[in-house]
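# Geometric and topological summary
Single-letter residue listing:
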Amino acid sequence: MLPHSEDVHGTAKRFAELEETVRQMILEGLGVAKYHEAQNESTWHLLRMSEYKAPNADEKWIGYVSHQDTNSLSVVCQHEVDGLEMQTRDGEWILVKPSPTSLIVMVGNALRAWTNGRLHAPFHRVMVRGDVTRYSAILFSVPECMIQAPDELVDEDHPPRFKPYRHDDFVRFCVSEEGARHEDKLKAFCGV
Ligand SMILES: O=C(O)CCC(=O)C(=O)O
Ligand SMILES: [Fe+2]
């Protein structure tokens, strides 16, 4: 059964508020909160609902292959069934187990680039096990402007890591043959 559109809009609105709050906390932590308002004005949100069917046999099945998100922040709500896995910096995969009332907020490559690499965009994937269908709802914040680290985050100790770019161009690169060859697509696309 499809959810009511008022419920979807209400959920998207609350997820978007959370996204803005978390992004504000990140910017405050980095001493660049003055950019939050301008960022909001050039950010749009996309809500996606996914269904991952349980595999037939009892082997595990990859529902979504390992990737980094291209956008700024992603707010994930997985309904009852776990399956989201994240890779630690030393390459180990861990199953994300939020409490039933928690959401997961993940950093994507756009915020990694905008913070001049201060933030890590984790590789993640969805593994579907057992015999229960998994549902998730995800809100992506997508920047529409040029992605360029502010001067405050670039100095001698933190030389520029990425050339300024547009999100659309990066997405096109990610799905191209050339992009598919690289694991760290942001670095391959605009790494300095
Ligand atoms: O469904 C999920 O929990 C995550 C899916 C995902 O990583 C994505 O859509 O980028
Ligand atoms: Fe993702």
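Since the structure is predicted, the reported quantities are computational estimates derived from the model, not experimental observations. (Residues numbered from 1 in each chain as written. Chains lettered and ligands numbered in written order. Predicted model: local features only at pLDDT ≥ 70, side-chain atom pairs only at ≥ 80, totals over all residues. Heavy atoms only, no water.)

## Some remarks on the overall build of the chain
Helices and strands together make up the secondary structure of the chain, namely 6 helices and 10 strands. A globule of 192 residues ought to have a C-alpha radius of gyration of about 16 Å, and the chain, at 17 Å, matches this closely. Considering the chain as a whole, with its 192 residues, one finds that 39% of them fall into the buried category. Counting only contacts in the chain whose residues sit at least 6 apart along the sequence, the fraction spanning at least 24 positions is 76%. Carbon and sulfur atoms form 53% of the exposed surface of the chain, whose accessible area is close to 11400 Å². (Helix = DSSP H or I, 4+ residues; strand = E, 2+ residues; numbered from the N terminus. Rg over C-alpha atoms; globule rule 2.2 N^0.38 Å. Buried < 20%, exposed > 50% of the residue type's maximum accessible area, 1.4 Å probe, protein only. Contact = heavy atoms within 4.5 Å. Areas by Shrake-Rupley, 256 points an atom, 1.4 Å probe, with all protein chains shown as cover.)

## Some points on the environment of Met86
By secondary structure assignment, the location of Met86 is in strand E4 (residues 84–87). C-alpha of Met86 to C-alpha of Gly63: the two residues are 23 residues apart in sequence and 14 Å apart in space. Non-local contacts of Met86, meaning those with residues more than four positions away in its chain, are made with Glu92, Trp93, Ile94, Val96, Ile104, Met106, Pro122, Phe123 and His124.

## Things to note about the side chain of His167
Within the fold, His167 resides in helix H4 (residues 167–174). Those residues in contact with His167 that lie beyond four places of it in its chain are Thr70, Asn71, Val142, Pro143 and Ile147.

## Side note on the nonpolar core
One finds Trp114, Tyr165 and Leu186 to be the most contacted residues of the largest nonpolar core, which totals 20 residues. Elements with a contribution of two residues or more to this core: helix H1 (5–29), helix H3 (109–114), H4 and helix H6 (185–190). No other element matches the 4 residues that H3 contributes to this core. In terms of nonpolar packing, the next biggest core, distinct from the first, is built from 12 residues, Tyr52, Val76, Leu84 and Val128 among them. (Core = buried A, V, L, I, M, F, W, Y, C linked by side-chain atoms within 4.5 Å.)

## Details of the coordination of the iron ion (ligand 2)
Protein-derived ligands of the iron ion (ligand 2) are His67 (NE2), Asp69 (OD) and His124 (NE2), with the metal-ligand distances lying across 2.1 Å. Mapped onto the sequence, the residues coordinating the iron ion (ligand 2) show the spacing H-x1-D-x54-H. Here His124 lies in strand E7 (residues 124–128) and Asp69 lies in the loop between strand E2 (61–67) and strand E3 (73–79), a separation of 55 residues in the sequence. Here the two residues Asp69 and His124 agree in accessibility, since each one is buried. (Donors = N, O, S within 2.8 Å, 3.2 Å for Na, K, Ca; no water.)

## With respect to H1
Taking 1.5 Å of rise per residue, 25 residues should cover 36 Å, and H1 covers 36 Å from first to last C-alpha, within 8% of that figure. Listed in full, the buried residues belonging to H1 are Phe15, Ala16, Glu19, Val22, Arg23, Ile26 and Leu27. Contact partners of the buried residues in H1: helix H2 (36–41), strand E1 (43–52), E3, strand E6 (104–107), H3 and strand E8 (134–143). Phi for Gly31, located one or two positions after H1, is positive at around 75°. (Expected span 1.5 Å × (residues − 1).)

## A look at the environment of Phe123
By the element assignment, Phe123 lies in the loop between H3 and E7. Accessibility expressed as a relative area gives 14% for Phe123, which makes it buried. With 41 residues separating them along the chain, Phe123 and Pro164 place their C-alpha atoms 22 Å apart.

## A closer look at the sheet that holds E7
Strand order in the open sheet formed by 4 strands is E2-E7-E4-E5, with antiparallel pairing between adjacent strands. Of all the strands in the sheet, just E2 and strand E5 (93–95) have a single pairing partner and so form its edges. Across this sheet, the average inter-strand angle for adjacent strands is 25°, counted without regard to direction. Where E2 meets E7, 4 bridges bridge the pair, whose relative direction is antiparallel. Each bridged residue has a counterpart across the sheet, and for Trp61 the counterpart in E7 is Val128. (Pairing = 2+ DSSP bridges. Axes fitted to C-alpha atoms, helices over the stretch in contact; angles between N-to-C directions.)

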